[in-house]
Amino acid sequence: MDYQNKLVLAPMVRVGTLPFRLLAAQYGADITYGEEIIDHKLLKCERRVNEYIGSTDFVEKGTDSVVFRTCHQERNHVVFQMGTSDAVRALTAAKMVCKDVAAIDINMGCPKSFSVSGGMGAALLSKPELIHDILTMLKRNLDVPVTCKIRLLKSSQDTVELARRIEKTGVSALAVHGRKVADRPRDPAKWGEIADIVAALSIPVIANGDVFEYDDFQRIKTAAGASSVMAARGALWNASIFSSQGKLHWEDVKREYVRKSIFWENNVKSTKHTLKEMIMHYSSLELPEGKAIIKSETLADIAKLYEEEKYYQFVNENRFLVNGSR
């Protein structure tokens with residue numbers, strides 16, 4: 001994995017599943033992070049090759065619940081992001097997926113209660129020794145690149161000090177969200193503080209926050225001096241933000257996402273969540289489309305809503321012909 005001059009899809013819970021990652025890559029994303037998956041959850045899974053749709057699935061044992069789905073098309077640029085608070089557990093989980101992904105990333109920035117309450121995400125920012133243990137354990141025992149994603153601490157000096165400690169573990173890159181834990185999305189990202197980190201480190205730094213147009217990638221890269229730049233909400237609202245040719249209309253991007261969700265049999269709750277986020281940004285869930293999304297219970301319902309019934313039928317009939325039976 002090369003972390004220089006890359007356009008990166010940020011990890012987003014319930015959004016960064018296989019179809020959305022492939023959508024971002026199609027439009028120009030060089031590196032695509034999956035949604036954060038907790039180590040405990042992965043350890044309850046078994047790896048299955050899904051010949052029916054051509055994917056590799058990590059499925060919760062005793063169920064058909066897919067926790068992580070990937071495919072060979074993204075093998076060289078997908079990053080598995082893990083939530084963890086224990087070095088041994090992190091390594092055990094990472095070993096399960098490391099042969100199917102391009103890199104392993106540890107989430108050290110998520111401020112949400114489900115993550116922090118388990119000592120994961122942003123809770124790690126105040127535990128530099130544990131950070132060291134986790135990253136060192138992974139780095140010593142895995143053949144794939146190991147990285148982590150952090151937020152800014154209370155002072156720039158504190159963040160730089162933590163970043164230096166992280167660099168000493170041998171990680172391949174460090175992603176930095178230019179906001180503090182208490183900051184809200186509406187608060188502007190602090191590029192100057194990311195620049196302080198870049199100046200102090202020799203490893204690549206990936207800057208994250210406030211990327212809403214293609215030109216923002218270069219603007220932020222220049223302002224922070226970062227090696228690469230990561231987009232989250234800007235990519236969620238319109239994944240063609242990664243295209244140097246300019247954004248496509250969001251309706252076209254949305255339809256392409258629906259087709260990819262059908263093809264890869266994406267979890268319907270994940271598909272609905274992502275579509276609702278797109279719609280809320282440009283329109284309203286109170287309009288007929290939004291209400292229909294909320295009522296949808298299956299991918300077939302969503303296919304019908306977006307007039308993709310023929311595609312849905314074509315995909316499923318051709319799979320049946322190839323495999324004989326489902």
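Residues numbered from 1 in each chain as written. Predicted model: local features only at pLDDT ≥ 70, side-chain atom pairs only at ≥ 80, totals over all residues. Heavy atoms only, no water.

Under the convention used in this document: UniProt positions are given in the numbering used here, feature names are shortened, and annotations may be inferred rather than shown by experiment.
The name recorded for the protein chain in an unreviewed UniProt entry is tRNA-dihydrouridine synthase, from Citrus sinensis. Here is the UniProt Sequence similarities (unreviewed entry) comment for the protein chain, exactly as written: "Belongs to the dus family." UniProt's Function (unreviewed entry) comment on the protein chain is quoted here verbatim: "Catalyzes the synthesis of dihydrouridine, a modified base found in the D-loop of most tRNAs."

**Focus: the state of the cysteines**
Just so we agree on the cut-off: The definition used for a disulfide is geometric: two cysteine sulfur atoms within 2.5 Å. A 1.4 Å probe rolled over the protein chains alone gives each residue an accessible area, and that area as a share of the maximum for its type sets the label: buried under 20%, exposed over 50%, partly exposed in between.
Overall, the coordinates contain zero disulfides when judged by the stated rule. Summary of cysteine pairing: Cys 110 is not part of a disulfide, and the nearest cysteine sulfur, belonging to Cys 148, is at 14 Å. By relative accessible area, which is 11% here, Cys 110 ends up buried. With relative accessibility at 0%, the residue Cys 148 sits in the buried group.

**So, the domain arrangement of the protein chain**
Heads up, the rule is: The start and end points of each domain follow an automatic or database-based domain assignment. The buried area of a pairing is the accessible area, by a 1.4 Å probe, that goes missing from both parts when the two are put together, added over both. We define a salt bridge as a contact between a side-chain nitrogen of Lys or Arg and a carboxyl oxygen of Asp or Glu at a distance within 4 Å. In the analysis that follows, any N or O atom pair within 3.5 Å is treated as a polar contact, provided that within protein one partner can donate a hydrogen and the other can accept it, and provided that, for residues neighboring in sequence, both atoms belong to side chains. The secondary structure listing takes helices from DSSP runs of H or I that are at least 4 residues long and strands from runs of E that are at least 2 residues long, numbered from the N terminus.
Per the domain assignment, the segments making up the protein chain are domain 1 (7–242) and domain 2 (250–323). Buried area between domain 1 and domain 2, summed over both chains or domains, comes out near 2,000 Å², and the portion from carbon and sulfur atoms is 62%. For the domain 1 face of the interface with domain 2, the top three residues by lost area are Pro 19, Tyr 52 and Trp 237, together amounting to 33%. For the interface between domain 1 and domain 2, the tally reads zero salt bridges. Connecting domain 1 to domain 2 are eight residue pairs in polar contact (both at pLDDT 80 or more). Secondary-structure elements contributing two or more residues to the side of domain 1 that touches domain 2 are helix H1 (18–27) and helix H9 (233–237).

**Notes on the packing of aromatic side chains**
Put simply, the test is: To pair, rings of Phe, Tyr and Trp, with the six-membered ring standing in for Trp, must have centres within 6.5 Å; the planes then decide the type, stacked if under 30 degrees apart, edge-to-face if over 60, and tilted in the middle. Consider the ring centre and the ring normal. A charge sits over the ring if Lys NZ or Arg CZ is within 6 Å of that centre and within 35 degrees of that normal.
Within this structure, the stated rule accounts for eight aromatic pairs. An angle of 15° between the planes, with centres 5.8 Å apart, marks the rings of Phe 212 and Trp 237 as stacked. Linking Phe 212 in the loop between strand S11 (205–208) and helix H8 (214–224) with Trp 237 in helix H9, this pair joins segments that are 25 residues apart in sequence. By relative accessible area, which is 27% here, Phe 212 ends up partly exposed. Residue Trp 237 is classed as buried on the basis of its relative accessible area of 19%. Site record: aromatic cluster; members linked through ring pairs are Phe 58, Phe 68 and Phe 80. Its end group placed over the ring of Tyr 311, Arg 259 keeps NZ or CZ at 4.1 Å from the ring centre.

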